[in-house]
Structures are given as C-alpha cells and as structure tokens.
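A look at the structure
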Amino acid sequence: MDWITIIESLLPLLSENFAGAGDAAELADIALKLIQRIKSQSGMTTDEILARADLTVAQNKIKLAEDAAKLNPGGGTGGATGGNP
Amino acid sequence: MKRRKMWTTALTLVLALTCLSFRCGGGPPEDQRRKLVKAADDIAGGISAMIDAKRDLAGKGRITQDEDRRLTQLLTVANDADGAFISRLKSTTVIDASNRADLLSLLSKVTAAVNDLNSSGILRIGNADAQKKLSRIMSSITAAINILAQLQTAAMTPTH
C-alpha cells in the first residue's frame, strides 16, 4: 500500500476543510512539498537524487546569502563601501 | 482552537509516518549509498523549507532581526555541511574501508550543525508560534538525520 500517496492526497483536503487555520495551512504546504520530494525519490536513480540534492544545496546557498546581505548591509562580500563623489 | 489542535495533531501524525517510511525501506546492501544520498537530499529539502518558513516569519515580524540573523548563520553552516557530505558522496561509488572514516566524519558534521540549528537557533526563538512552526520542519530534518545515524551504527559498520 502506497500510504504516502494517500497522505499526499489528504493533505490539501485537510487544508481546505480547516480553512482559516493560517500557519497550519502553510505548514501543510511545506509538509506536502517534503512528502512529494521523498516520494519522488523512488522514481529516480541514485545519481539523479544526488544531482537534485546538490542543486538544492546550491539554491539554499544563494537564498541564505541574499538573507545575510539583507540582514548585514555593508557586511556582505565585496559590497559597496563608498559612494560616488 | 480545537480545530487548530486537531490539525496540529494530524500534521504531527503525518510527519511521524513520514519518519516511519524511512525505516520501512529495507533493501539490499548495495543500497547503502542510495540511503545516504536520499537522506542528504531530505536534509537539503528540509533546509530549503526552513529558509522559506524563516522568510515568511521574518516578513510577518514573528521573529526578530537578531533571531533571523542567527538562524541564517546556523542554516548556512548546516547547508554547507550537507553540501560537503553530498560532494563526498558524488565521488563515492561504493562505501568501503577506504572512504568510511571520511564519510562518518562529514556525517557527524552534518549532525552537529543540525543539532546546533535546533538548540542555538530554533529553541531560542521568543515567539512560541514561530518556534513551533520551525520545530515541525525541523522534525523532518531530524528524521533524515536519524537515518544517517542508523546507517552510521549499522550499515556503515564493516561486516567482513
């Protein structure tokens, strides 16, 4: 029995039926994405999973660098330190 | 409120079942590398989800700038550790005595970084709702870490 498929199909329904749950609905989306990610592994070769993991880490790195730049203005890598005269 | 509690319970159940799914996937010995790769992929996905949730919480003012900064730093360390682990896996075709120690060392760095993310980042968030939300995502990363730990003690132990 592919229970992941069942859970995957139930999650959006739960989201709809508990409209107004706010953060819980957002969490459902996150949980759904993670479940879909885990489920998709079964149809992928090991090298394909490895390539996706590598790509995700690279994307994470970019997102985290963006966040760090926002939170530490001027403290980034090679950011502008002086203004035009 | 009751609905919210019910929903939270349902979601916890889903995550628990997800954790169980890892444990039910026993396979042939040649799957050792695949299991490690899958766990590394799960961690990368979990970190990605954590970044999205962090951005959402920061946008809504549910976490302070200091908390956001600390989480960003800790997530960067965890992501880099997972990246190093993935890089090593890319150059590994079979897990044997020649690469076991290196993999275990990288694996322990991933585990330490994720533990630090939890103890120094998530558990120090002042807003209880924000902390709870990130803790739920953390549970998915912890599930993957548990698989790595199992492999560390069982599958990666030399048998011959």
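One can find the structure itself at the top, above this paragraph.
Numbers given to residues run from 1 along each chain, matching the order in which its sequence is written. As they are written, the chains are lettered A onward and the ligands numbered 1 onward, keeping that order. Thresholds applied to this predicted model are a pLDDT of at least 70 for local features of residues and 80 or more for the giving and counting of side-chain atom pairs; totals over whole chains, interfaces and linings are not thresholded and use all residues.

This part takes up the overall build of chain A. Helix and strand counts for chain A come out as 3 helices and 0 strands. Counting from the N terminus, the helices are DSSP H or I runs at least four residues long and the strands are E runs at least two residues long. Sequence-ordered secondary structure for chain A, helices as α and strands as β, is α-α-α. As a rule, residues whose C-beta atom has 12 or fewer other C-beta atoms within 10 Å are exposed, those with 20 or more are buried, and those in between are partly exposed; C-beta atoms are placed from the backbone. Residues classed as buried in chain A amount to 26% of the 85 residues present.

Moving on to the overall build of chain B. Within chain B, the secondary structure is distributed over 5 helices and 0 strands. Listing every helix and strand of chain B by position from the N terminus yields α-α-α-α-α. For chain B, buried positions account for 45% of its 160 residues. Distance between backbone-placed C-beta atoms decides contact: two residues are in contact if it is within 7 Å. Taking the intrachain contacts of chain B between residues at least 6 apart in sequence as the baseline, contacts between residues at least 24 apart amount to 82%.

The term nonpolar core means buried Ala, Val, Leu, Ile, Met, Phe, Trp, Tyr and Cys residues held together as one set by C-beta atoms within 7 Å. In this structure, A40, L75 and V110 of chain B are the most contacted members of the largest nonpolar core, which totals 53 residues. Elements with a contribution of two residues or more to this core: α2 (23-41) and α3 (46-71) of chain A together with α2 (32-59), α3 (65-90), α4 (100-121) and α5 (128-153) of chain B. It is α2 of chain B that provides the largest number of residues to this core, a total of 13 residues. Setting aside residues up to four positions removed in sequence, V110 of chain B forms contacts with I43, A81, D82, F85 and L148 of chain B.

Attention now goes to the packing of α2 of chain B against α3 of chain B. When two helices pack together, their arrangement is captured by the angle between the axes and the distance separating the axes. All names here are of chain B. Helix axes are fitted only over the stretch in contact, all axes being lines through C-alpha atoms; the angle between N-to-C directions runs from 0 to 180 degrees. Running from N to C, α2 and α3 cross one another at 160°; their axes reach a closest spacing of 10 Å. Judged by the angle between their axes, α2 and α3 are roughly antiparallel. Considering the relative orientation of α2 and α3, their crossing is left-handed. On α3, the residues touching R33, L36, V37, A40, I43, A44, I47, M50, I51, K54 and A58 of α2 are D68, L71, L75, A78, N79, D82, F85, I86 and L89. Any residue that is not Ala, Val, Leu, Ile, Met, Phe, Trp, Tyr, Cys, Pro, Asp, Glu, Lys or Arg is counted as polar, Gly included; the first ten are nonpolar and the last four charged. The class makeup of the residues in the contact of α2 with α3 is 15 nonpolar, 1 polar and 4 charged. Geometric relationships in this document are graded by angle, where less than 35 degrees denotes roughly parallel, more than 145 denotes roughly antiparallel, 65 to 115 denotes roughly perpendicular, and other angles denote oblique. Left-handed is the label given to a crossing in which the near helix is rotated counterclockwise from the far helix by less than a right angle, and right-handed is the label when the rotation is clockwise.

A separate point is the packing of α3 of chain A against α2 of chain B. Between α3 of chain A and α2 of chain B, whose axes approach to 9 Å, the crossing angle comes to 25°. As far as their axial angle goes, α2 of chain B and α3 of chain A are roughly parallel. Both α3 of chain A and α2 of chain B take part in a crossing whose hand is left-handed. Residue-level contacts link T46, I49, L50, R52, A53, T56, V57, Q59, N60, K63 and L64 of chain A of α3 of chain A to R33, R34, V37, K38, A40, D41, A44, G45, I47, S48 and I51 of chain B of α2 of chain B. Of the residues assigned to the contact of α3 of chain A with α2 of chain B, the class counts are 10 nonpolar, 6 polar and 6 charged.

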